[in-house]
Every structure is written in structure tokens, then in C-alpha cells.
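Architecture and fold: a report
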There are 2 protein chains.
Amino acid sequence: MKNLVQQMDIFFNPRSVAIVGASRKVNKAGHVIFKNFVINKQRNVFKGELYPVNPSEEQILGFKCYPSIEKIPGELDLVVIVIPAKHVPKIMQEATIKHVKSVVIITAGFSEIGNHLLEEKITEIAKKAGIRVLGPNCLGVYDSETGVDMLFLPETKILSTGEEVVATPRPLPGSLAIVTQSGAFGAAALDYLTGRQMGVSKFVSFGNKCDVNEAEMLYYLLHDEKTKVIMLYVEEISNGREFIRIAKEVTKIKPIVALKSGRTEAGARAAASHTGAIAGSDQIYDAAFTQAGIIRADNMEEFFDIGKALAMQPPAEGKNIAIVTDAGGPGIMAVDECERRGLSVKKFSDMLIQKFEQLKTEGKIPRFATNLNPVDLTGSARSEMFETAVKILLEASEVYGIIVLGLHHTPELQGDFVDRVAKIAIGYRKPVVACDIGETEMALYIRSRFEKFGIPAYGSPEDAAVAMYALVKYGAYLKKSKNFEIYMDEFLKRRK
Amino acid sequence: MKNLVQQMDIFFNPRSVAIVGASRKVNKAGHVIFKNFVINKQRNVFKGELYPVNPSEEQILGFKCYPSIEKIPGELDLVVIVIPAKHVPKIMQEATIKHVKSVVIITAGFSEIGNHLLEEKITEIAKKAGIRVLGPNCLGVYDSETGVDMLFLPETKILSTGEEVVATPRPLPGSLAIVTQSGAFGAAALDYLTGRQMGVSKFVSFGNKCDVNEAEMLYYLLHDEKTKVIMLYVEEISNGREFIRIAKEVTKIKPIVALKSGRTEAGARAAASHTGAIAGSDQIYDAAFTQAGIIRADNMEEFFDIGKALAMQPPAEGKNIAIVTDAGGPGIMAVDECERRGLSVKKFSDMLIQKFEQLKTEGKIPRFATNLNPVDLTGSARSEMFETAVKILLEASEVYGIIVLGLHHTPELQGDFVDRVAKIAIGYRKPVVACDIGETEMALYIRSRFEKFGIPAYGSPEDAAVAMYALVKYGAYLKKSKNFEIYMDEFLKRRK
């Protein structure tokens, strides 16, 4: 399997790349991709050799242009193909002769539109020659560290007002790996994650996966140091047994979050006419994900919310959750969602309740606070009250995770409650997630400040509950597979 | 019942108001509330008489201060009470003598913390005197039109950096009425709605509802011209039968969206210790909401998403939905959510498919587009293709609503596709909702531009599907109660 890691690594870190279909025409994908590499080479981020291939050009952006890959001097690790589908087999033949290791076929127009024969043809050529192929019909690879950037979607667009705006941002460096079957969803994910300040380690869109499949990517990402959480979007999975076997190996070390569409009959029909996927029943996928320790998200927002939680917080050792809030109603909403997901927000032990009663007597939390779970500090909450309450819960052995629902609207709560809560929480191995509701200035500040301290923060009580659910679920899986302590140690080391 | 409307109207439009507990001290709720009225009076928004009541002051903010409400000259419509709970009965006695019509008790410390006797006492006084009481333990009323503003939560706060930021914004004028049992949730809702550019007609937080209940407010809002959609947050409902009877009357004319927390056993327990609510089983609520034609939201985001949809778009005449997209994967996600909610994204009729095939022949949509439903214009989509496809679907009698999932990332799609789609959609009585995924500049632009044209736009395919679900559900209810055409006529008149 070491061989597999090396094979996959060529897609992300090639010593030499040829762009077949490189173009001088600004609107062409072959221009955008080639230019991405050129810029990254100029900045010395991309360190490999770079060759544009186009029989009609002598030079593109200052680089000598080759009429075919055969004419390129020296060894060639990777070929990126951006020419019409019907010409792809010819390029594949040339790649064989040139002993190319890997090929990315960005081009669409294969099995996803019924051109199965054409896709089989290129697959056959590749197999015979031992060439690994990513795609066709994909966005390819983005890796901020190595400067490999095959995204042909324009980074900015011009509005009718004449303004230039960010359209498909390149992501910040981070710990989430994006592995997606749908290119469109991949681009959208980059846009979403960038806007929400979440960073990406590696991005790969595999499209029709005529050769390289999701399981192989998972295995590769298991060995990628930058990647801490793997985010997988699929419409169907190619080789179920192999997928489960590999995913199981991965999830013991790194969490995988999956979004699998085509759940309903009509959705499966749509998927079939999208990538030619024959989806199989959704229950089978559910069972497979569970068996493999993969956390399945119900929808897009959950997908990202869960990814963020797993990247930032340790897993929970049990399902008993405490909620501390200054907002009764939203507190109940969080309880509801926790319980619906199988977490438990049960009444605290008498001993723990007594501790809170003691605080009331000492005037350290409001006399009218409720403390059965949730702890409701009421609208009279002050920053140090949140600190005190969270500390008690972090120390309580009956509590395995804490949702801090600190709505900033109450008169006396100041922004510093975030710092106080975060500074205590970092000293414990118990997961903490936060929520503040609102979309104007202070809510945005509170949430982003929490995240600066490594506490994922959400805009609704239910989203925070879902985040905690994922941490509990992954914790239970790690415990079952006897890897909890190893993972926790690694996590705490990383957090330092 | 006309009497009831007049009674409720006093809370929103009093000719004279006394603030008992008005204060010069900046941090006191009695200061904030009084000052709200002062400012609105100075701006000539609040047109009634204004009296601060506080025995320790001669004057507050230039207004003559009264030692008690009895000393106030002339008639007194409304008294707002912001003094500690134990003193409230005395004020209620004085209100009786003064023949006050209505009282809002902002003060907490009644049944929600077990002080049932105190609450019964004030209720009894009010009943005998025929005084209507809102609260206690509430945020009271906000009405931008009349200048009634009892929100004591600070509009801005100062961060530790010295920056002043918006903390609890006053909402924009609009068509959503917020009726909430939880004050905290109410404040959060204002923050959320303002940030998302959704406007509010009236806001009322009723807290412990010792007298005025949600049903009476619904009835009042039925008669409020500005209110087009009623948003109701409750933890329990006081008088089930009356509630259903009134709600039924309302929902024939205006949609009600409800968020009811305390759904799970643990949630109900939390609700009981929050407002003293005895919640009853969740199934009973489900049944009651269905019977009354109320659309129940599953969680906070759904609540707002649905409210926006109903405010902006007409209801659907049937459940067959078409999806048009340039993004295969997200298209499938939308199909899944529609189907899971009971909508139907079925394969188009041969005739409709033929129309799209014709477009392909004419080169008006990409040759590789799929057109069974979803219509997937693929990554080659251009603005006029969206326009053409949407037009065909608007005209197709087999389609009752359209989800436009236009992801802006594809190379050739320009921002003007929004204008093109919106300008056609306005000419039809079929609901259209939109989605673009992303959180950086262009996605925000696309969504806000759609909404400028009256098409609600969402950040995930599933959210757009939920919005359409609400429009289908409300349409079905209106049809069943034979009010569809009347509502549609009203809606179309308003949209002009």
C-alpha cells in the first residue's frame, strides 16, 4: 500500500507537469489552469517542471510550448488534459509512449453523458500502461502547499456594475481535506469554507473516477500530515468492500465526514443522469458508513458544521452533555436537538446541582438561575458567571461535552466571556462547542472570537447540537475500536 | 372580537404611556425603555403622551417625572412596569384606580421561578379591573411605525478593543410579525433577521402570559395590514382549543410559521424550568398545528427560511416541483430534500422533455444538458440559458414551483442571470426560490440580488427545498380551505 501513497502523491506533488490544451485564450480552462501553475512557479510555491502542450502555439506566458507530450524532454510525472473528449484517447496513447505516471482528465463528455465506450477506451489504455487516471469530468486537484492548482473556475468575476468580486476563492491553508465526486459541489465547498474562515489541506475532485476512486484517496489522505479531517462528497461508491476496508483503517486515525446524495428514489435517478451513478439503496450506504466509522451528514450545512467540530475539538468520551446558557428558549432548542440525535441532556446529579446552589448562595450566579441542565444563567448573566459555570462542568465527571450557548444580547454580558470560557476549556480534554444567534456585528464577532480560540461556534442552537453529536459519535467509534486514547493524545499534542 | 383588536392595539399604539421604573441610570432597563420612547417622540414617530414614573426623581431626560401613576394628569392607556417583582402588585392597584387600559410587565421573578402566588395576585387585580396584561417576564413590544419600543437590550455594545458594535439591532420595517414566548429568542430573532435583510412589522414578546396569550395576538395580527406572515415561537400553548379556533381563522388569510421547542422529554423538562410551561406531548402539538394550518418549522433556521419564503413568494398550487441548475451534485441534494418533505420532483412529461431537446438542437442550451428534472445546464451554462429554461418551466402546467439552483462558479455564468430569471418569474403566479452556495463576495451578491427582486435565496440546496416545501404546504392548505384564489389575488396585488 505504500506504493499507492506514492502513486496518489504524484497528483498532489508532481516533479513535472504537462498541461495538454494549455492556451493563450483567457476564457479557456486550458489557459486558467496553465496560468495557475505559472503563477505558483513564479512564486516558487510550485517547484516542479512545467510544460504547456499545444500544437498551434510556440510559447504561452513565456513558456516554450510543445506540440505533443512525446516531444517534452526528460521524465514526465503528470499530464493534465483539458482538450475535447474525442481527442483524449490519442493523448493517452502518447502518455503511454512517454511513460507518464499519472493523468488528470478535466474534460467532460464521457460516461456522464452516455459516452461509456470512450471512457472504457481511455481506461483500458491507462490500465495496460500502468498509468493512474483521475477523472474524467472533474476539477482535479488543489494543494496550497505544493502549488498544484487545476481549478479552472475564475477566481473573480466582473459584475454588471463594473465591480470585480471573488467568485471561486482559493481556500486558506487548513486541516480539512475535500474529496468530491461533484466538481460543482467542490467549487461551492471552497467558496463556503473560505467565507467561514475554514482552511483546506488538500482538494480533489474525482468526477467519473474511471480509475482512481474515493477509497484510494482516503488511504492517501490518511498519510497526509496536514489533513486532520476528511470531507467526502459522493453520489455513489465504486467498490463497496474495498471502500469499507480502507475507510475503517482511516477512521481509527482521522475522522471522515460523508455527504452522500441521491438518497431518495428521485435523487438516485438524478444522480444516474449526472455521473452515470447506479446508487443502490440508501440503507446500504447508511450501514456501510456506520460500519466504517464514517460520520454521515444529513445535508450540506451539517457536512461543514461537523467537519469544523471534528477539526477543532476532541471527541467526547460519552453521550451526557451539559448546556450552559443565558437564553432559556434557545437552551431548550439545543436540548431538543441533542436528544433527537441520541445524546443525553439529563438532569445533573444532586452533587452537581448542589455546586450550583452554592454559587447562588455566594452570589456568583443569579439567584434565579436554573441548574438542572441546562444551566440557565438568565438575562442577568455576566462574563465571569459563564466562566464559573463552564469550569464546574468541565470538572464534573458526569459531563462529557459542553454546549456554551452564550447569546450576547443580554445587558451585562460582555465579549470577554468568550476569552474566559476558552482559556479554561483548553486545559481539559472535554469537547466544548459554542453558539450565539444573530447576523449583525456582535454575533459575528463572538463566533469568530470563539473560533480563534479553537472552539467551533454556530449560528443556531441546533447546529451546535449537531456539532456535539458528531464529537460524541466519533468518540464512541474510537472507544469501540480501542483508539480513543491514541487519537486524544495526538489531538491534545496538536492543540498545544 | 373587534373589541379584542382594539384592546391589543393599545399595546402597539397607545395614546399615552407611563414607564414605571423610568430611571436616569444608563444601565437600567427603565432608562433604556424610557429613552427609546423619548427619542421616538422627539423624532415624531411616537405620537402619544409620555410619562416617566419614579418617586425619587423630579425630571428624567427633560420630562417631568411623577411619583405614581395616579398623579399623572388625564387618561392613561398603557403602563410599562420595570420595577422589581414584589412592588408590581402595588402598581397594579394604582393602575386600577387610574382606569388604565393595559399594562406590560417587563419584570421577571414570577411563575418562571416558582412565584406563582405573586403572579396570580397581579392577574386577579387585572381581571377585576378589566386591565389587559402582557407578560410578566417579557421584552414587551416593538413597533417601528408607532415608535413603541420596549426593548431594554442595548442596541450596541463596546468590545474590549474599544470598538462599538451592533448588539441588538432594531429591525427594518417589513412584513414579518414576531410573536415570541422567549425574550432571548426574540432578541436573537431581531439580530438574525436584520443581518439577513428581513424586515419586521411588529414584535411582541409575551413571556409568562398571565393574561394576554398567543391566540389573542394572532387574532390582532390578522387585522394588522403591515403583517403578511406571522412567526410564532412558543414553549407551550395556553388554551389549545381557543388557539386552534383562532389560528384557523388567521391561516386562511395569512400564513403562521411556528417554532415549538420542548419537543423531547428532556426539552420539555427544560421548558418547565424556564417558563413553568407544562408542554404536553409533541404529537398533540403536531396535530394541532396541522389542524390549524400552521406550518411548523423543525429548527431555528427553518423557521426563518420558511418565513422568508412565505413573505416573498405565492403558494404553490401543487407539489410537482422542477429544479433547474448548472450544478449536478447540488441539484441532487435539492431533489433529495424535496422528496423527503413529500414534494415530487418527478420526470417531466415527454412533451416537456421534447421542448428541452428542441433547445439543444437550436444550440440554446448545452448539448450535454440533462432535462428529465432536474434540468442540468452543466458547467457550460450561460445567463440566457437559465432564462430560457425557467421560462419553459413557468409555462409548463405540470410544474407548480421552480427551484433555481444557479451556482455562480461556472466560467460563463454572469451575475445578470438573476435579473433575467427574476424578470420573467414576476409575470407568473408560480413560486420560484433560488439557491447559490458560497460565503464570499459573489455568492452574497447573487443571493441578495435575487431577494431584491422578491425571490428568496438560500445558501444551501436543502434550505431552498425547505422553502419550496412551505410554499407547497401552505398552498395545499389554502386549497383545502377554499381560500387559495383569494390569497393569491391579494398576493399578486401586493407584489405589483
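Because the structure is a prediction, the values reported are computed rather than measured. (Residues numbered from 1 in each chain as written. Chains lettered and ligands numbered in written order. Predicted model: local features only at pLDDT ≥ 70, side-chain atom pairs only at ≥ 80, totals over all residues.)

1. Brief notes about the overall build of chain A
Let me state the cut-off plainly: The helix and strand labels rest on DSSP assignments: H or I over at least four residues marks a helix, E over at least two residues marks a strand, and numbering proceeds from the N terminus. Computation of the radius of gyration draws on C-alpha atoms, with the globule rule given as 2.2 Å multiplied by the number of residues to the power 0.38. Burial in this document is a count-based property: other C-beta atoms within 10 Å of a residue's C-beta are tallied, and the residue is buried at 20 or more, exposed at 12 or fewer, or partly exposed in between, with C-beta positions derived from the backbone. By the convention adopted here, residues are in contact when the distance between their C-beta atoms, placed from the backbone, does not exceed 7 Å.
Secondary structure assignment for chain A yields 17 helices and 22 strands. Over its C-alpha trace chain A gives a radius of gyration of 25 Å, about what one expects of a compact globule, namely 23 Å for 496 residues. Dimensions of chain A, computed from the C-alpha atoms along their principal axes, are close to 85 × 50 × 40 Å. Burial analysis of chain A (496 residues in total) assigns 60% to the buried set. The contacts in chain A between residues at least 6 apart in sequence include a share of 72% that link residues at least 24 apart.

2. A word on the sheet that holds strand β6 (residues 102-105) of chain A
What links the strands of a sheet is backbone hydrogen bonding, and the strands pair in either a parallel or an antiparallel sense. Residues and elements named next belong to chain A. Under the convention used in this document: Paired strands, in this sense, are two strands between which DSSP finds at least two bridges. For helices, the fitted axis covers only the stretch in contact; all axes are lines through C-alpha atoms, and the angles between them, taken along N-to-C directions, range from 0 to 180 degrees.
An order of β2-β1-β5-β6-β7 is seen for the five strands of this open sheet, with the pairing classed as parallel. Looking at the sheet topology across the chains shown, the edges are occupied by β2 (49-53) and β7 (132-134). Direction aside, the axes of adjacent strands within the sheet are offset by 20 degrees on average. Sheet topology places β6 next to β7; three bridges connect them, and they run parallel. Across the sheet, residue S102 finds its bridge partner in β7, namely R132. Here helix α2 (residues 29-42) sits on the sheet in contact with β1 (16-20), β2 and β5 (78-81), set at roughly 155 degrees to β1.

3. Topic: the relation of the copies chain B and chain A
Where we set the bar: Alignment of copies: least-squares fit on C-alpha atoms of residues with pLDDT of at least 70 in both copies.
When chain B is brought onto chain A, the operation consists of a screw motion whose angular component is 180 degrees and whose axial shift is 0.0 Å, with 0.0 Å RMSD remaining. Viewed as a symmetry operation, the transformation between the two copies matches a two-fold axis. In terms of C-alpha distance to the rotation axis, chain B has E301(B) as its closest residue, with the C-alpha 5.4 Å off the axis. Most of the interface of chain B is mirrored in chain A: 100% of its interface residues are interface residues there too.

4. Examining the interface of chain B and chain A
The condition is simple: Each residue gets one label: Ala, Val, Leu, Ile, Met, Phe, Trp, Tyr, Cys and Pro are nonpolar, Asp, Glu, Lys and Arg are charged, and the others, such as Gly, are polar.
Every contact between the two is made by 78 residues of chain B and, on the other side, 78 residues of chain A. Taken together, the elements giving at least two residues each to the side of chain B that touches chain A come down to β11 (164-166), α5 (183-195), α8 (265-275), α10 (300-312), α11 (328-340), α15 (441-452) and α16 (461-480) of chain B. Residues of the side of chain B that touches chain A, tallied by class, amount to 34 nonpolar, 28 polar and 16 charged.

5. Concerning helix α6 (residues 214-222) of chain B
Among the nine residues of α6(B), eight are classified as buried, and the element is accordingly described as predominantly covered. Listing the buried residues of α6(B) in full gives E214(B), A215(B), E216(B), M217(B), L218(B), Y220(B), L221(B) and L222(B).

6. Comments concerning the confidence of the model for chain A
Interpreting fine coordinate detail is not advised for predicted regions of low pLDDT. What counts is decided by this rule: Predictor confidence is given residue by residue as pLDDT, running from a minimum of 0 to a maximum of 100.
When pLDDT is averaged along chain A, the result is 95; 98% of the residues meet or exceed 70. Both scores are available for the predicted complex, with the pTM at 0.96 and the ipTM at 0.95.

7. So, the domain arrangement of chain A
How big an interface is tends to be expressed through the accessible area that disappears when the partners come together. Residue and element names in this part refer to chain A. Put simply, the rule is: An automatic or database domain assignment supplies the residue ranges for each domain.
Each domain of chain A was delimited in the assignment, giving domain 1 (2-309) and domain 2 (314-495). Contacts between domain 1 and domain 2 engage eleven residues on the former and 15 residues on the latter. The class makeup of the residues in the side of domain 1 that touches domain 2 is four nonpolar, three polar and four charged.

8. A closer look at the sheet that holds strand β12 (residues 173-180) of chain A
All names here are of chain A. With mixed pairing, the seven strands of this open sheet are ordered in space as β9-β8-β13-β12-β14-β15-β16. Looking at which strands have only one partner, the edges of the open sheet turn out to be β9 (148-149) and β16 (295-296). Here strand β15 (residues 256-260) runs beside β16; their pairing, made up of two bridges, is parallel. Bridge pairing links V257 to I295 in β16. Across the face of the sheet, helix α10 (residues 300-312) comes into contact with β12, β14 (229-234), β15 and β16 while running at roughly 175 degrees to β15.

9. Topic: the packing of α10(B) against α16(B)
All names here are of chain B. To keep it simple, the criterion reads: Angular relationships are summarised with four words: roughly parallel below 35 degrees, roughly antiparallel beyond 145, roughly perpendicular across 65 to 115, and oblique for the angles in between. Working rule for handedness: look at the near helix, and if it is turned counterclockwise from the far one by less than a right angle, call the crossing left-handed; if clockwise, right-handed.
Remark: α10 packs on α16, axes separated minimally by 9 Å, with the N-to-C direction vectors making an angle of 55 degrees. Here α10 lies oblique to α16, going by the angle between them. Helix-helix and strand crossings are classified by hand; for α10 and α16 the assignment is right-handed. Contact with α10, carried on its side by E302, D305, I306, A309 and L310, involves D463, V466, A467, A470, L471 and Y474 of α16 and no other residues of that element. Tallied by class, residues from the contact of α10 with α16 come to eight nonpolar, no polar and three charged.

10. A look at the pairing of β5(A)
All names here are of chain A. What counts here: Whether a crossover is right-handed comes down to one check: with the strands pointing away from the viewer, does the path from the first strand over the helix to the second run clockwise; if it does, it is right-handed.
Neither face of β5 is exposed, since L78 and V80 on one face and V79 and I81 on the opposite face are all buried. Summarising the sheet, β1 and β5 pair through four bridges and their orientation is parallel. Note on β5: the bridge partner recorded for I19 is V80. Examined bridge by bridge, β5 and β6 share four bridges and lie parallel to one another. Looking at the pairing, L78 lines up with S102 of β6. Each parallel crossover has a hand, and for β5 linked through helix α3 (residues 88-97) to β6 it is right-handed.

11. Details of the environment of M468(A)
Residues and elements named next belong to chain A. You can see M468 is positioned in helix α16 (residues 461-480). Between the C-alpha atoms of M468 and R263, which are 205 residues apart in sequence, the distance is 24 Å. Once residues within four sequence positions are removed from consideration, M468 is found in contact with I321, C338, L343, G401, I403, P431 and V433.

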